[in-house]
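# Tertiary structure, described
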Amino acid sequence: MENHNTTWSKKEFKTYLMLLCANADFIESEDEKDIIKSKVNPDILKHIHKEFDADNDYQRLQKIINTSKRFGYSKDKADELLSELKNLFFN
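Structure report, in brief. Remember, it's a predicted structure, so these values are computed and weren't measured experimentally. (Residues numbered from 1 in each chain as written. Predicted model: local features only at pLDDT ≥ 70, side-chain atom pairs only at ≥ 80, totals over all residues. Heavy atoms only, no water.)

## Topic: unusual backbone geometry
Applied cut-off: Strands are runs of DSSP state E lasting at least two residues, helices are runs of H or I lasting at least four, and both sets are numbered from the N terminus onward.
One non-glycine residue, Phe26, lies in positive phi territory at about 70 degrees. Mapped onto the fold, Phe26 is located in the loop between helix H1 (10-22) and helix H2 (30-39).

What follows is the structure, given as structure tokens:
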């Protein structure tokens with residue numbers, strides 16, 4: 001069985017989530033890339049993007065679930081993070 005645990009920092013986790021949002025329609029547009037680049041350290045983005053690209057959908061979701069549990073995110077915290085991501089990409 002494959003291990004889907006991460007050692008990401010919260011910034012790395014948020015970067016992974018941004019990449020997931022940007023790729024929800026299977027296309028990472030230039031606008032989406034620009035948004036992410038404006039919010040993320042280039043070294044973190046490069047590292048996390050490489051991992052994101054290597055993962056399939058199942059692995060991505062398992063990593064997100066496991067990492068959110070590791071950080072102890074409550075439903076309210078998860079909702080807050082989701083709201084922040086929506087505002088980032090849809091405003």
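## Observations regarding the side chain of Thr15
To be explicit about the condition: Two residues qualify as a contact provided that any one of their heavy atoms is within 4.5 Å of a heavy atom in the partner residue.
Looking at the secondary structure, you find Thr15 in helix H1. Other than its neighbours up to four places away in sequence, Thr15 contacts Val40, Ile44, Leu45 and Ile48.

## Points about the layout of surface pockets
For clarity, the cut-off: Cavities and pockets are defined on a 1 Å grid built over the protein atoms alone: a cavity is a set of grid points where a 1.4 Å probe fits but cannot escape, while a pocket is an open set with protein on both sides within 12 Å along at least five of seven lines, and lining residues are those with an atom within 4 Å of any such point. Grid points are joined across faces, edges and corners, and a volume is the space filled by probe spheres set on the points.
Taken as a whole, the largest pocket holds about 380 Å³ of empty space. Considering the residues around the largest pocket, the lining is formed by 20 residues, among which Leu17, Leu20, Cys21, Leu82 and Leu85 are closest to the centre. Only H1, helix H4 (57-70) and helix H5 (75-90) provide two or more residues apiece to the lining of the largest pocket. No other element matches the 8 residues that H5 contributes to the lining of the largest pocket.

## Let's talk about the packing of aromatic side chains
Just so we agree on the cut-off: Classification of ring pairs uses Phe, Tyr and Trp, with its six-membered ring standing for Trp, and accepts pairs whose centres are within 6.5 Å; under 30 degrees between planes counts as stacked, over 60 as edge-to-face, and the remaining range as tilted. Accessibility here uses a 1.4 Å probe with only protein chains present; expressed as a share of the type maximum, an area under 20% marks a residue as buried, one over 50% as exposed, and anything in between as partly exposed. The criterion is that NZ of a Lys, or CZ of an Arg, lies within 6 Å of the ring centre and within 35 degrees of the ring normal, and then a charge sits over that ring.
Throughout the structure, instances matching the rule amount to 6 aromatic pairs. With a centroid separation of 4.5 Å and an interplanar angle of 35 degrees, the aromatic rings of Trp8 and Tyr16 are classed as tilted. Accessibility expressed as a relative area gives 4% for Trp8, which makes it buried. In this structure Tyr16 comes out as buried when scored by relative accessible area, which is 0%. With a centroid separation of 5.9 Å and 40 degrees between ring planes, the pair formed by Phe13 and Tyr73 is classed as tilted. On the criterion of sequence distance, the pair formed by Phe13 in helix H1 and Tyr73 in the loop between H4 and H5 is long-range, its members being 60 residues apart. Of note, Arg60 hangs over the ring of Phe52, and the distance from its end group to the ring centre comes to 3.7 Å. Directly above the ring of Phe71 sits Arg70, whose terminal nitrogen or CZ lies 4.6 Å from the centroid.

## Looking at the packing of H1 against H4
Which entries qualify depends on this criterion: Where helices are involved, their axes are fitted lines through C-alpha atoms of the stretch in contact, as for all axes, and angles between N-to-C directions lie from 0 to 180°. Crossings are classed by handedness, with left-handed meaning an anticlockwise turn of the near helix from the far one by less than a right angle and right-handed meaning a clockwise turn. Here the term charged refers only to Asp, Glu, Lys and Arg, the term nonpolar to Ala, Val, Leu, Ile, Met, Phe, Trp, Tyr, Cys and Pro, and the term polar to all other amino acids, Gly among them.
As a packed pair, H1 and H4 sit with axes 11 Å apart at the nearest point and diverge in direction by 145 degrees. Crossing of H1 over H4 shows left-handed handedness. Here H1 contributes Phe13, Tyr16, Leu17 and Leu20 to the contact with H4, which in turn contributes Arg60, Lys63, Ile64, Thr67 and Ser68. The residue inventory of the contact of H1 with H4, partitioned by class, reads 5 nonpolar, 2 polar and 2 charged.

## Things to note about the pattern of salt bridges
Using the following cut-off: Take a side-chain nitrogen of Lys or Arg and a carboxyl oxygen of Asp or Glu: if they are within 4 Å of each other, that pair is a salt bridge.
This model, assessed by the stated rule, comprises 7 salt bridges. Among the ionic pairs, Lys75 bridges to Asp79, the shortest N-O distance being 2.8 Å. With a gap of 4 residues between them, Lys75 and Asp79 both fall in helix H5, about one helical turn apart. By relative accessible area, Lys75 is classed as exposed at 60%. By sharing partners, the salt bridges in this structure join Glu51, Asp55 and Lys63 into a single network.

Note that every value here comes from positions in space, so none of it alone points to a role or purpose.
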